[in-house]
Amino acid sequence: MKLKSLLTPLFKTPRKVLNQLRSFSSDRECMNYDVVIVGAGPAGLSAAIRFKQLCRLNDVDYSVCVVEKGAQLGAHILSGNVFEPRALDELLPQWKKDGAPIEVPVSSDKFWLLSKNRAFSIPSPFNNKGNYVISLSQLVCWLGAKAEELGVEIYPGFAASEVLYDANNNVTGIATNDMGIGKDGSRKDTFQRGVELKGRINLLAEGCRGSLSEVWEIDERKHKPGSVLHTLGWPLDHNTYGGSFLYHMKDRQVSIGLVVALDYHNPYMSPYEEFQKLKNHPAIRTLLEGGTVLQYGARTLNEGGFQSIPYPVFPGGAIIGCSAGFLNVPKIKGSHTAMKSGMDLPEDGCMLAADSAYKALHEGLNMKSYWDNLRKSWIWKELYLARNYRPAFDYGLFPGLALSAVEHYIFRGRSPLTMKHGKPDHEATKEAQLCSPIEYPKPNGVVSFDIPTSLYRSNTNHDHDQPAHLRLTDPNIPSLINLPKYGGPESRYCPARVYEYVPDEKGQLKLQINAQNCLHCKACDIKDPKQNIKWTVPEGGGGPGYSMM
């Protein structure tokens, strides 16, 4: 097997691939790097860029590899983002001159409370002055090019499926999954063994383990570039946290989405159908009518905030970005904090992941400095000040608004109390007998659509002849527990109809898994009442194919 033919970088053939030290401690071929980064999102690419900047500054040449499971950079990143450029200003100060795809400044910022038929303007807790409405997938591609210019080797289409350890349980790298295995487990003619990518330092930047969104092209007369809208309330009930966003990008495009907290109680709720209802609200529908849906997708967000940040350092590396939960929940922004976690901040002297990795390799220090300096950085301060907004809504919509107002306008995030989160999301689901079924309206084909139509717009694709990447720990739980006790919630919380209950030859309902539909949102891994679903990576390159809109 030729390694060069197996791993082809995104932009050009790496200069040092053939010079890499190869070892064959197992039957997999092995490549050794100084730094291995898993995930080519904002955090992973920022870490790679900052690390190579330090190498150039100090005239040393450490090797950096970034592996990405999407077929191309940005393929698994949903478009539509209100971007705070703070971290990018530090990483690449000349980004405007260098042609970064950041062109549409926020021109207006509205916050609505929705009832079924009306929209009430309320004071906005957001401050988007100086921010931009962007396509995050375009930005990731641009960052990838910048990383490649610095000598970073980027390998899209290869999924990290295994963490490698040494005899002392130190992380030594990752292995990509085998490719060319049939559904029955046999090796096909196209079989290729996975590759071991070993790093002296390993940074995990895979993102969160939910939101649903679409990109529309609308009537030019309705388009207001830079307009930002967030909403609370309808269509969600008052005990379910969530809200919508609508961002006007360039070229007549708008990104609209609904965020639904996965700790909702009613197993009959369908986040997908709630999103379809949202688009039929009188204040939203008028904007979308006459437009065309260009793209559909779904992704989970980590909303735990400050209270849920884990200790991110492990022997051999660290967790960075949204993998570590650096999303600012009330802002619904995590790109700037993810990027920051992968780099450093000159103004306060804090070194984060890339700087800590460089110090570990060049000066023999360890990665614990990442945790110490993370707590001194503006990430920590920003998330601390926002820590009580999300838990406040555990008491319901209106108590949550009241508590958030006190937190924002009186305490300004410096309340002497830190509120705690409730149960894990999967434990919040009530039994079906305690809840009322929800009847959703049929899609009208104008602004609301059925799942197959939306799924087509996601460009999702998996090789049908491969082992299912969605696996049941106990195959009996769906029919013995989930269906009779919870009403089969898998068929509703999944936004891609991966899970369906269909009658067998005896007329008994059995769970059918349509793994080829999977959008890689991972809601099933989080929401399943008995945590019976194990999400594993499919063959690299599979999954959604979000275009660079």
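Only a predicted model underlies this, so the values are computations on that prediction, with no experimental measurement involved.

Participant: What exactly am I supposed to notice about the side chain of Ser227 here?
Facilitator: Note that Ser227 resides in strand E16 (residues 227–233). By relative accessible area, Ser227 is classed as buried at 11%. A polar contact is formed between the side chain of Ser227 and the side chain of Ser108, at a distance of 3.2 Å. In this view, Ser227 contacts Ser107, Ser108, Leu246, Tyr247 and His248; residues no more than four positions away in its chain are not counted.

Participant: Which parts of the structure should I look at to understand the sheet that holds strand E5 (residues 104–105)?
Facilitator: The strands making up a sheet associate through backbone hydrogen bonding, with each pair oriented either parallel or antiparallel. Overall, antiparallel pairing links the 3 strands, which are arranged E4-E8-E5 in an open sheet. Only two strands of the sheet have a single partner each, and these edge strands are strand E4 (81–83) and E5.

Participant: What is the right way to look at the packing of aromatic side chains in this model?
Facilitator: Geometrically, a pair of aromatic rings is defined through the distance of the ring centres and the angle of the planes. This model, assessed by the stated rule, comprises 13 aromatic pairs. When the ring of Tyr272 is compared with that of Tyr296, the centres are 5.8 Å apart and the planes differ by 85 degrees; the resulting orientation is edge-to-face. Residue Tyr272 is located in helix H5 (residues 271–279), and its partner Tyr296 is located in strand E19 (residues 292–299); the two are separated by 24 residues in the primary sequence. For the residue pair Tyr272 and Tyr296, the accessibility class agrees, reading buried in each case. Here the aromatic cluster, defined as three or more aromatic residues joined through ring pairs, consists of Phe306, Tyr311, Trp371, Trp380 and Tyr384. Taking NZ or CZ as reference, Arg457 lies 4.3 Å from the ring centre of Phe449, over its face.

Participant: Sorry if this is basic, but what is going on with helix H4 (residues 136–149) here?
Facilitator: Residue pairs three or four apart in sequence face the same way in an α-helix, which turns once every 3.6 residues. Between its first and last C-alpha, H4 extends 20 Å over 14 residues, near the 20 Å set by a 1.5 Å rise per residue. Within H4, burial applies to Leu136, Ser137, Leu139, Val140, Cys141, Trp142, Leu143, Gly144, Lys146, Ala147 and Glu148. Two residues or fewer after H4 comes Gly151, characterised by a positive phi angle close to 100 degrees.

Participant: Whenever I open this one, the domain arrangement of the chain confuses me. Can you help?
Facilitator: For an interface, size is often stated in terms of accessible area lost upon the parts coming together. The domains assigned to the chain are domain 1 (30–81 + 135–208 + 302–386), domain 2 (104–133 + 211–298) and domain 3 (459–548). The gap between the C-alpha centroids of domain 1 and domain 2 is 30 Å. Counting the surface lost from both domain 1 and domain 2, the interface buries some 1100 Å², and carbon and sulfur atoms represent 56% of this. For the pair domain 1 and domain 2, the number of links is 0 salt bridges. Its residues assigned to classes, the side of domain 1 that touches domain 2 shows 4 nonpolar, 5 polar and 3 charged.

Participant: How do you make sense of unusual backbone geometry when you look at a structure like this?
Facilitator: Most peptide bonds are trans, and most residues other than glycine sit at a negative phi. Cis geometry is adopted by the peptide bond preceding Pro235, which originates at Trp234 and carries an omega value of 10 degrees. Following the sequence through the fold, Pro235 ends up in the loop between E16 and strand E17 (242–248). The phi dihedral of Arg412 falls on the positive side, at around 50 degrees, and the residue is not glycine. Along the chain, Arg412 turns up in the loop between helix H12 (397–411) and helix H13 (451–456). Even without being a glycine, Asn459 presents a positive backbone phi close to 55 degrees. Among the structural elements, Asn459 can be located in the loop between H13 and strand E24 (470–472).

Participant: What is the right way to look at the nonpolar core in this model?
Facilitator: One broad trend across soluble globular proteins is that nonpolar side chains are buried collectively. Phe51, Ile102, Leu203, Met367 and Tyr370 are the most contacted members of the largest nonpolar core, which has 61 residues in total. When residues of this core are assigned to their parent elements, the largest contribution, 8 residues, is made by helix H2 (residues 42–57). With residues near it in sequence (within four places) discarded, Met367 still touches Ile201, Leu203, Val313, Gly317, Ala318, Ala353, Ser356, Ala357 and Ala360. Judged by nonpolar contacts, the second largest core, of 47 residues, contains Leu229, Leu287, Ala496 and Cys521.

Participant: Explain the packing of H2 against H4 here, please?
Facilitator: When two helices pack together, you describe them by how their axes are tilted relative to each other and by the distance separating the axes. Contact geometry of H2 with H4 gives a least axis separation of 9 Å together with a crossing angle of 25 degrees. With respect to H4, the axis of H2 lies roughly parallel. As H2 packs across H4, the resulting crossing turns out to be left-handed. Taken together, the residues of H4 that come into contact with H2 (itself represented by Pro42, Leu45, Ile49 and Arg56) are Leu136, Val140, Leu143, Gly144, Lys146, Ala147 and Glu149. When its residues are assigned to classes, the contact of H2 with H4 shows 7 nonpolar, 1 polar and 3 charged.

Participant: Sorry, what's going on with the state of the cysteines here?
Facilitator: In a disulfide, the sulfur atoms of two cysteines are held together by a covalent bond. Tallying each qualifying case throughout the model produces 0 disulfides. The closest cysteine sulfur to the non-disulfide-bonded Cys524 is located on Cys518, 6.3 Å from its own sulfur. Assessed through its relative accessible area of 7%, Cys524 is described here as buried.

Participant: What is the right way to look at the pattern of salt bridges in this model?
Facilitator: As enumerated under the stated definition, the model contains 23 salt bridges in all. When the shortest N-O distance is used, the salt bridge between Asp34 and Arg200 registers 3.0 Å. Here Arg200 lies in strand E14 (residues 195–204) and Asp34 lies in strand E2 (residues 29–38), a separation of 166 residues in the sequence. For Asp34, a relative accessible area of 13% corresponds to the buried category. Notably, a salt bridge pairs Arg375 with Asp372, separated by 3.2 Å at the nearest N-O pair. Of the residues examined, Arg375 reaches a relative accessible area of 38% and is grouped as partly exposed.

Participant: Honestly, the packing of H2 against helix H8 (residues 353–363) in this entry has me stumped. Any pointers?
Facilitator: As a packed pair, H2 and H8 sit with axes 8 Å apart at the nearest point and diverge in direction by 45 degrees. Considered as vectors, H2 and H8 are oriented oblique to each other. The two elements H2 and H8 meet at a crossing, and its hand is right-handed. Facing Ala47, Arg50, Phe51, Leu54 and Cys55 of H2, the residues of H8 in contact are Ala354, Asp355, Ala357, Tyr358 and Leu361. Considering only residue class, the contact of H2 with H8 consists of 8 nonpolar, no polar and 2 charged.

Rules used in this analysis
- Every chain's residues receive numbers from 1 upward, in the order its sequence appears when written.
- For a predicted model such as this one, the threshold for reporting local features is a pLDDT of at least 70, and the threshold for listing and counting side-chain atom pairs is 80 or more; totals across whole chains, interfaces and linings nevertheless cover every residue.
- As a rule here, side-chain values cover all heavy atoms of the structure and leave hydrogens and water aside.
- Runs of E in the DSSP output that reach at least two residues are strands. Runs of H or I that reach at least four are helices, and both are numbered from the N terminus.
- Partly exposed describes any residue whose relative accessible area lies between the buried limit of under 20% and the exposed limit of over 50%, with all areas from a 1.4 Å probe on protein chains only and scaled to the type maximum.
- Here a polar contact is taken to be a pair of N or O atoms separated by no more than 3.5 Å, where protein atoms must pair a possible hydrogen donor with a possible acceptor and residues adjacent in sequence count only if both atoms sit in side chains.
- Residues count as neighbours in contact if any of their non-hydrogen atoms are within 4.5 Å of one another.
- The pairing criterion for strands is at least two bridges between them, as found by DSSP.
- Aromatic pairs are defined between Phe, Tyr and Trp rings, using the six-membered ring for Trp, whenever the two ring centres lie within 6.5 Å; interplanar angles under 30 degrees are classed as stacked, those over 60 as edge-to-face, and all others as tilted.
- Charges are assigned to positions over rings by a cutoff of 6 Å between ring centre and Lys NZ or Arg CZ, combined with an angular limit of 35 degrees from the ring normal.
- By this rule, a helix spans an expected 1.5 Å times one less than how many residues it contains.
- The source of the domain bounds is an automatic or database domain assignment.
- Put simply, buried area is how much 1.4 Å-probe accessible surface two parts lose in total, over both of them, once they are put together.
- Between Lys or Arg on one side and Asp or Glu on the other, a salt bridge is scored when a side-chain nitrogen of the former is within 4 Å of a carboxyl oxygen of the latter.
- Each residue receives one of three labels: charged for Asp, Glu, Lys and Arg, nonpolar for Ala, Val, Leu, Ile, Met, Phe, Trp, Tyr, Cys and Pro, and polar for the others, Gly being one of them.
- What is meant by a nonpolar core is a set of buried Ala, Val, Leu, Ile, Met, Phe, Trp, Tyr and Cys residues, joined one to another through side-chain atoms within 4.5 Å.
- To obtain an axis, a line is fitted to C-alpha atoms, over the contacting stretch when the element is a helix, and the angle between two such axes runs from 0 to 180 degrees between their N-to-C directions.
- In what follows, roughly perpendicular refers to angles from 65 to 115 degrees, roughly parallel to angles under 35, roughly antiparallel to angles over 145, and oblique to any angle outside these ranges.
- Whether a crossing is left-handed or right-handed is set by the direction in which the near helix is turned from the far one by less than a right angle, anticlockwise for left-handed and clockwise for right-handed.
- For this text, the term disulfide refers to a pair of cysteine sulfurs within 2.5 Å.

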